[in-house]
There are 2 protein chains.
Amino acid sequence: MNSFSRVPPGFRFHPTDEELVDYYLRKKITSTRIDLDVIKEVDLYKIEPWDLQELCRIGREEEDEWYFFSHKDKKYPSGTRTNRATTAGFWKATGRDKAVYSKHDLIGMRKTLVFYKGRAPHGLKSDWIMHEYRLETDPNGAHQARRRMGGV
Amino acid sequence: MNSFSRVPPGFRFHPTDEELVDYYLRKKITSTRIDLDVIKEVDLYKIEPWDLQELCRIGREEEDEWYFFSHKDKKYPSGTRTNRATTAGFWKATGRDKAVYSKHDLIGMRKTLVFYKGRAPHGLKSDWIMHEYRLETDPNGAHQARRRMGGV
């Protein structure tokens, strides 16, 4: 059946927010088979942003965006606050979450986060940006995040 | 083995000149199997540019570039001049051919053509542009062309 070990020449992975949420995130969460699954599963809290590049490589092209899936790690089992710290720093939300629609239906939300080196509430702002997607039907479930390196 | 009937979500076909020549054109000419073969075989001389769009559709996205493979049609069997006329008009070369390299090796050439409505040497210039690729090793062989619609 459909199975691909690599991306065929000429194809680039440039998913829309809708495709990320409605296809990839939904299937990742339900552990459904994905055609040409290029989104690696990682533990975001054990990996620094600059190490994701090698882990999440798609094809041979140089990219400035990487895609991965990571389960949320609860800082306090009883709470809803999420621990987004790594060894070298932490991810901090910025701006307002953006709604993701499929036609007219709200299917998910996109949160933007910036990586700071050091420890909260201090830390040095970096140029690493992550987009964290969640399904609207499953706000506390797993999430898929997309990280984009901004201009230095 | 590798077989795909459709392009997976999130993937766009944006090949480089090198990928078009070194992978797709080379395989088309030698009738070698292509993973996820999205390049249709058409008879360019029987199809008007505005009809290619429907024939060469890849995925569900709206595109402004289409890719196809067409065998060259010799106007005069003994000559090297190529007949690029359709019912409604003709393709006319413009500018200079561009070399296509793989690293430092010349692997092919890219010719740019413009579509004119009417009959040569007259005709009304349109905004349809085609890139015709040929292998450097097989200048009179089959070719693969890429058409891009320019701005109106």
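- By the naming in an unreviewed UniProt entry, chain A goes by NAC domain-containing protein and is assigned to Solanum tuberosum.

Notes on the overall build of chain A
Item 1. A count of helices and strands for chain A gives 2 helices and 7 strands.
Item 2. The linear arrangement of helices and strands in chain A, starting from the amino end, is β-α-β-α-β-β-β-β-β.
Item 3. A sequence separation of at least 24 residues applies to 60% of the contacts in chain A between residues at least 6 apart.
Item 4. Here chain A has roughly 8400 Å² of accessible surface; of this, 50% comes from carbon and sulfur atoms.

What about the packing of aromatic side chains?
Residue and element names in this part refer to chain A.
Item 1. Here the structure, examined in full by the defined rule, presents 16 aromatic pairs over all chains.
Item 2. With a centroid separation of 5.0 Å and 80 degrees between ring planes, the pair formed by Phe13 and Tyr67 is classed as edge-to-face. On the criterion of sequence distance, the pair formed by Phe13 in strand β1 (residues 11–13) and Tyr67 in strand β3 (residues 65–70) is long-range, its members being 54 residues apart.
Item 3. Given the relative accessible area of 4%, Phe13 is considered buried.
Item 4. Given the relative accessible area of 2%, Tyr67 is considered buried.

Concerning unusual backbone geometry
Residues and elements named next belong to chain A.
Item 1. Of the consecutive residues Ala120 and Pro121, the connecting peptide bond is found in the cis state with omega at 5 degrees.
Item 2. One can find Pro121 in the loop between β5 (105–117) and β6 (124–135).
Item 3. Of note in this structure, Lys103 is not a glycine but carries a positive phi near 55 degrees.
Item 4. By the secondary structure assignment, Lys103 is in the loop between β4 (89–102) and β5.

Considerations on the pairing of strand β3 (residues 65–70) of chain B
Side chains on a regular strand alternate between the two faces of the sheet.
Residues and elements named next belong to chain B.
Item 1. Counting buried positions along β3 gives 6 out of 6 residues, so the element sits mostly inside the fold.
Item 2. Side chains Glu65, Tyr67 and Phe69 project from β3 onto one buried face, and the interleaved Trp66, Phe68 and Ser70 project onto a second face that is buried too.
Item 3. Of the strand pairs in this sheet, strand β2 (residues 40–41) and β3 are connected by 2 bridges, and their pairing is parallel. Bridging from a neighbouring strand, Lys40 pairs with Phe68 of β3.

What to know about helix α1 (residues 17–29) of chain A
Given 3.6 residues per turn, any residue in an α-helix points the same way as the ones three and four places further on.
Item 1. Those residues of α1 of chain A that fall on the buried side of the exposure criterion are Asp17, Glu19, Leu20, Val21, Tyr23, Tyr24, Leu25 and Lys28 of chain A.
Item 2. In the segment just after α1 of chain A, Ser31 of chain A is the residue with positive phi, at about 50 degrees.

Describing the side chain of Thr86 of chain B
Residues and elements named next belong to chain B.
Item 1. Of note, Thr86 is situated in the loop between β3 and β4 (89–102).
Item 2. Judged by its relative accessible area of 4%, Thr86 is buried.
Item 3. Reaching out from Thr86, the side chain makes a polar contact with the side chain of Glu48 at a distance of 2.6 Å.
Item 4. Among residues more than four places away in sequence, those in contact with Thr86 are Leu44, Tyr45, Ile47, Glu48, Trp91, Phe115 and Arg119.

Things to note about the pairing of strand β5 (residues 105–117) of chain B
Residues and elements named next belong to chain B.
Item 1. Counting buried positions over the 13 residues of β5 gives 10, a clear majority of the element.
Item 2. Note that β4 and β5 share 11 bridges and pair antiparallel. Across the sheet, Gly89 pairs through a bridge with Lys117, a residue of β5.
Item 3. As consecutive antiparallel partners, β4 and β5 are separated by 2 residues, and within that stretch Lys103 has a phi angle of approximately 55 degrees, a positive value.
Item 4. Taking the residues between adjacent antiparallel strands as the criterion, β5 and strand β6 (residues 124–135) are bridged by 6 residues, where Gly118 takes a positive phi near 110 degrees.

Quick look at the confidence of the model for chain A
Residue and element names in this part refer to chain A.
Item 1. Taken over all residues, the pLDDT of chain A has a mean of 82, while the share at 70 or more is 78%.
Item 2. Mean pLDDT in chain A bottoms out at strand β7 (residues 143–149), which sits at 48, and peaks at β5, which reaches 95.
Item 3. Across residues 147–152, where pLDDT falls below 50, the model places 27 contacts with residues more than four positions away in sequence or in other chains.
Item 4. Two summary scores accompany this predicted model of the complex, namely pTM at 0.73 and ipTM at 0.74.

Observations concerning the pattern of salt bridges
Item 1. Under the criterion given, the structure shown has 18 salt bridges over all chains.
Item 2. Of the charged contacts in the structure, one is a salt bridge between Lys28 of chain B and Asp37 of chain B, with a shortest N-O distance of 3.1 Å.
Item 3. By relative accessible area, Lys28 of chain B is classed as buried at 11%.
Item 4. Residue classification places Asp37 of chain B among the partly exposed residues on the basis of a relative accessible area of 41%.
Item 5. Beyond isolated ion pairs, a larger network of salt bridges with shared partners links Asp17, Lys98 and Arg110 of chain A.

The rules behind each value
- Residues numbered from 1 in each chain as written.
- Chains lettered and ligands numbered in written order.
- Predicted model: local features only at pLDDT ≥ 70, side-chain atom pairs only at ≥ 80, totals over all residues.
- Heavy atoms only, no water.
- Helix = DSSP H or I, 4+ residues; strand = E, 2+ residues; numbered from the N terminus.
- Contact = heavy atoms within 4.5 Å.
- Areas by Shrake-Rupley, 256 points an atom, 1.4 Å probe, with all protein chains shown as cover.
- Phe/Tyr/Trp six-rings, centres within 6.5 Å; stacked < 30°, edge-to-face > 60°.
- Buried < 20%, exposed > 50% of the residue type's maximum accessible area, 1.4 Å probe, protein only.
- Pairing = 2+ DSSP bridges.
- Polar contact = N/O pair within 3.5 Å; in protein donor to acceptor, adjacent residues only side chain to side chain.
- pLDDT = per-residue confidence, 0-100.
- Salt bridge = Lys/Arg side-chain N within 4 Å of Asp/Glu carboxyl O.

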